[in-house]
Amino acid sequence: MSQLAPPKILKPTSRNKLNQPWFTSELKAFQRKCRQLERQWKLNPGTEERELLKSTFKIYRAARFKAKSDFSTVKVQEALNVLRELIKVIKELSTPFKPPDLVNTQEYCDKVAKHFENKILCFYANFAPLHVSGELIPCISPDSLASEVTLSDFPCPSHVDQSKLILNMRSGSPLDLCPPSVIRMIPDYIARILMPSFQEILKSGCFPSRWKETIVVPVKKKPLGDVQDLDNLRPIVLLPFFAKILEKIMNKALVDFLGEVEVLDPSQHGFRKAHSTKMALISSSDSIRRLVDDEQGAILVLFDLSAAFDTISSQILTARLYQAGVRDRALK
């Protein structure tokens, strides 16, 4: 029974009292009243019961919104004279509640970090030493190597394009001094401030050390798996908000350049605009059906690379970008 129907681990939800101090006892009683009317309506699904439930729930939602709004207003007014406290309060009010980590100790963090470090070292130990050379890495066709088109600098987009990036950016890092939700309220103003900084960064090729500070969060691959099973963890890197915007700018310029020199394989469907896994499946299915129609055999070989992104060699990546035509500050 434990294998067919394993017990489900219940986690704290957003109804946690510590996260909703504005949820008063009156609202709690009002909520119970709504649930009672809902049960009555389900037992007797009549028009009168339905209208009573709708009107009561509408009043409850209005009272809940007013209680939360009044509580937030008081908190903001109390910290209005101290900028640091004001930003802290806004961040607390705008950040969704997240359940506490099951394990959050220094010993466990060091254990997880050591596990992934050993995993990468063991991966490279199975291969011969790499000799990175432009001629030894057959990842790009000779025609593309002969192309005179190069990318030496990343162009800085206009403040309008930066404003769009800010609006579309939904998350940041706990290290951000200002929460992303506040930054998205004034995208044009933030974009005009960032413009000179981004231009200087892209021109000099030096990435700010402050933006290199990240937080690595291990996430379970299988939700019901044991948190002590380190092989069931996947490292997720939380970049600072402004670093993610700069990363988007550089990524767009690089992808556009690689598409211009036709380096990417037409069969690559992952992480490309106007491509998807559905297209890959359709393409493979079509090829197999064509072979079957011609009375020929078809063999499908599938590879699942373990820790593919975690074990990318920066030397090989740099050499391949150089082969594609990325030079100077863009390569740096």
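What you see is a predicted model; the values in this text were computed from it and never measured. (Residues numbered from 1 in each chain as written. Predicted model: local features only at pLDDT ≥ 70, side-chain atom pairs only at ≥ 80, totals over all residues. Heavy atoms only, no water.)

(A) Quick look at the overall build of the protein. In terms of regular secondary structure, the protein is built from twelve helices and two strands. In sequence order, the secondary structure elements of the protein are arranged as α-α-α-α-α-α-α-α-β-β-α-α-α-α. Counted over contacts in the protein with a minimum sequence separation of 6, partners at least 24 positions apart contribute 70%. Summed over its atoms, the accessible surface of the protein is roughly 24,900 Å², and 58% of this surface lies on carbon and sulfur atoms. (Helix = DSSP H or I, 4+ residues; strand = E, 2+ residues; numbered from the N terminus. Contact = heavy atoms within 4.5 Å. Areas by Shrake-Rupley, 256 points an atom, 1.4 Å probe, with all protein chains shown as cover.)

(B) Layout of the environment of R329. Positionally, R329 belongs in helix α12 (residues 328-331). Along the backbone, R329 and C206 are 123 residues apart, and their C-alpha atoms lie at a distance of 8.6 Å.

(C) Quick look at the pattern of salt bridges. Following the criterion strictly, the structure yields seven salt bridges and no others. Here D70 and K66 are joined by a salt bridge, their closest N and O atoms 2.9 Å apart. Highlighted residues: D70 and K66, both in helix α2 (residues 47-78), separated by four residues, approximately one helical turn. Residue D70 is classed as partly exposed on the basis of its relative accessible area of 37%. A relative accessible area of 52% means that K66 is categorised as exposed. (Salt bridge = Lys/Arg side-chain N within 4 Å of Asp/Glu carboxyl O. Buried < 20%, exposed > 50% of the residue type's maximum accessible area, 1.4 Å probe, protein only.)

(D) Examining the packing of helix α1 (residues 25-43) against α2 more closely. In the contact formed by α1 and α2, the axes pass within 9 Å of each other and the chain directions differ by 160 degrees. What the angle tells us is that α1 and α2 run roughly antiparallel. The two elements α1 and α2 meet at a crossing, and its hand is left-handed. Together, L27, F30, Q31, K33, C34, L37, E38 and W41 of α1 and E49, R50, L52, L53, T56, F57, I59, Y60, A63, R64 and A67 of α2 make up the contact between the two elements. Residue composition of the contact of α1 with α2, by class: twelve nonpolar, two polar and five charged. (Axes fitted to C-alpha atoms, helices over the stretch in contact; angles between N-to-C directions. Parallel < 35°, antiparallel > 145°, perpendicular 65-115°, else oblique. Left-handed = near helix turned anticlockwise from the far one by under 90°. Nonpolar A, V, L, I, M, F, W, Y, C, P; charged D, E, K, R; others polar.)

(E) Representation of the packing of α2 against helix α3 (residues 83-94) in the model. For the pair α2 and α3, interaxial distance at closest approach is 9 Å and the crossing angle is 160 degrees. Taken as axis vectors, α2 and α3 run roughly antiparallel relative to one another. With respect to the hand of their crossing, α2 and α3 are arranged in right-handed fashion. Contacts from F71, S72, K75 and V76 of α2 reach α3 at L86, V89 and L93. Looking at side-chain class alone, the contact of α2 with α3 contains five nonpolar, one polar and one charged residues.

(F) Quick look at helix α10 (residues 277-293). If you check α10, its first and last C-alpha atoms are 24 Å apart, about what 17 residues at 1.5 Å a residue would give, namely 24 Å. Where α10 ends, the next residue or the one after it, E295, has phi of about 60 degrees, a positive value. (Expected span 1.5 Å × (residues − 1).)

(G) Quick look at the confidence of the model for the protein. The predicted model of the protein averages 79 in pLDDT, with 84% of residues at 70 or higher. The low-confidence segment residues 10-18, where pLDDT is below 50, has ten contacts with residues more than four positions distant or belonging to other chains. Note that pLDDT drops below 50 for residues 131-146; the model gives that stretch 23 contacts with residues more than four away or on any other chain. (pLDDT = per-residue confidence, 0-100.)

(H) Representation of a nonpolar patch on the surface. On the surface, M185, I186, Y189 and I193 cluster together to form a nonpolar patch covering roughly 450 Å² of accessible area. On the secondary structure map, I193 appears in helix α8 (residues 187-204). Judged by relative accessible area, I193 falls into the partly exposed class, the value being 44%. (Patch = residues over 30% accessible without salt bridge, like charges linked within 9 Å, V, L, I, M, F, W, Y side chains within 5 Å.)

(I) Inspection of the packing of aromatic side chains at higher detail. Counted by the stated rule, this structure contains seven aromatic pairs. Between W22 and F23, the ring centres sit 6.0 Å apart and the planes meet at 80 degrees, which makes this aromatic pair edge-to-face. Relative to W211, the ring of F207 lies with its centre 6.2 Å away and its plane at 70 degrees, an arrangement referred to as edge-to-face. Since its relative accessible area comes to 29%, F207 is described here as partly exposed. Taking the relative accessible area as the measure of exposure, W211 reaches 15% and is therefore buried. Here the aromatic cluster, defined as three or more aromatic residues joined through ring pairs, consists of F198, F207, W211, F241 and F242. Between the NZ or CZ atom of R327 and the centre of the ring of Y322, over which it lies, the distance is 3.9 Å. (Phe/Tyr/Trp six-rings, centres within 6.5 Å; stacked < 30°, edge-to-face > 60°. Lys NZ or Arg CZ within 6 Å of the ring centre and 35° of its normal.)

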